[in-house]
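Summary of structural features
What follows is each chain in one-letter form.
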Amino acid sequence: GVDRFITPSRFMKSKIESFGVRMAPIEQVNNFLRLETYDPNYEPGEYVLFFGQIIKVKGIVTLLNAMERLKGLIPLVIAGTGPLEETIRETIREKGIENVTMVGHKSGTALHELIRGARFVVVPSECYDNQPYAVLESFALGKPVIGSDIGGIPELLDESVGRLFTPGDAESLAVCIDAWAV
């Protein structure tokens, strides 16, 4: 009784097709935001921002390793909570990474203000994110994105609004951050 499958990305559509699903047409319908609730700030901010779950598949360890390579070039603000939160705090202390601040979970206006104050947002996913709201919200608030070249993320980024890096590759990510940090 399925009339149609709806996916938020070309990536997911191609995955479903590769699994041989042929019961109904597959249509791509992008995720959306109510833009009237966003007040963009196109001025570059003073820090890099990561917001989301602090779990391995979201690339937080890769991001931290990239920031360590950058030796304080630009600060990183991490907004979120998750099972790796204490491990990340310990790593920051043990390695003496002074350019990283963890601010806990943020949502609503507080999250929007963090995004608006960033130079750019990093979405370092190491899993198949389809069309992450982190990218959409960053764009809606006037911020470019450095994202992993995986899942549906590449569909959202081009040189005018972001950069892609190799998933899980801290050096590749550090090069992208370094290029945009100035």
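Counting of residues starts from 1 at the beginning of each chain's written sequence and follows it residue by residue. Local features in this predicted model are restricted to residues of pLDDT 70 or higher, and side-chain atom pairs are both shown and tallied only at a pLDDT of 80 or more, whereas totals for entire chains, interfaces and linings draw on every residue. Water and hydrogen atoms were dropped before computing side-chain values, which therefore reflect all heavy atoms in the structure.

1. Regarding the sheet that holds strand E4 (residues 76-79)
Test applied: Strand pairing is assigned whenever DSSP identifies at least 2 bridges connecting the two strands. Numbering of helices and strands runs from the N terminus, with a helix taken as a DSSP run of H or I at least four residues long and a strand as a DSSP run of E at least two residues long. Between N-to-C directions, angles cover 0 to 180 degrees, with each direction set by a line fitted to C-alpha atoms, over the stretch in contact for helices. The criterion used for residue contact is that any of the two residues' heavy atoms lie within 4.5 Å.
Strand order in the open sheet formed by 6 strands is E5-E4-E3-E6-E7-E8, with parallel pairing between adjacent strands. Only two strands of the sheet have a single partner each, and these edge strands are strand E5 (100-102) and strand E8 (162-165). In this sheet, neighbouring strand axes are inclined to one another by 20° on average, regardless of whether the strands run parallel or antiparallel. Packed onto the sheet, helix H4 (residues 108-116) meets strand E3 (47-51), E4 and strand E6 (118-123) and runs at close to 145° relative to E3.

2. A closer look at the nonpolar core
Put simply, the rule reads: In plain words, nonpolar cores are sets of buried Ala, Val, Leu, Ile, Met, Phe, Trp, Tyr and Cys residues tied together by side-chain atoms within 4.5 Å. Partly exposed residues are those whose accessible area sits between 20% and 50% of the maximum for their type, while under 20% is buried and over 50% is exposed, using a 1.4 Å probe and protein chains only.
Core analysis: the biggest nonpolar cluster contains 28 residues, and Leu63, Ile78, Ile146 and Ile177 have the highest contact counts within it. When residues in this core are grouped by element, the largest group, 7 residues, is from helix H7 (residues 170-181). Every residue in contact with leucine 63, bar those within four places of it in the chain, is listed here: Phe50, Leu76, Val122, Pro124, Leu173 and Ile177. Counting residues in hydrophobic clusters, the runner-up holds 21 residues, among them Tyr47, Phe51, Ala134 and Leu141.

3. Here we look at the pairing of strand E7 (residues 145-148)
Rule in force here: A clockwise path from the first strand over the helix to the second, with the strands pointing away from the viewer, defines a right-handed crossover.
Both E6 and E7 contribute to a ladder of 3 bridges, which runs parallel. The residue of E7 that forms the bridge with valine 122 is isoleucine 146. On the question of chirality, the crossover connecting E6 to the parallel E7 by way of helix H5 (residues 133-140) is right-handed. As paired strands, E7 and E8 are joined by 4 bridges and run parallel to one another. Among the inter-strand pairings, valine 145 is bridged to a residue of E8, identified as glycine 162.

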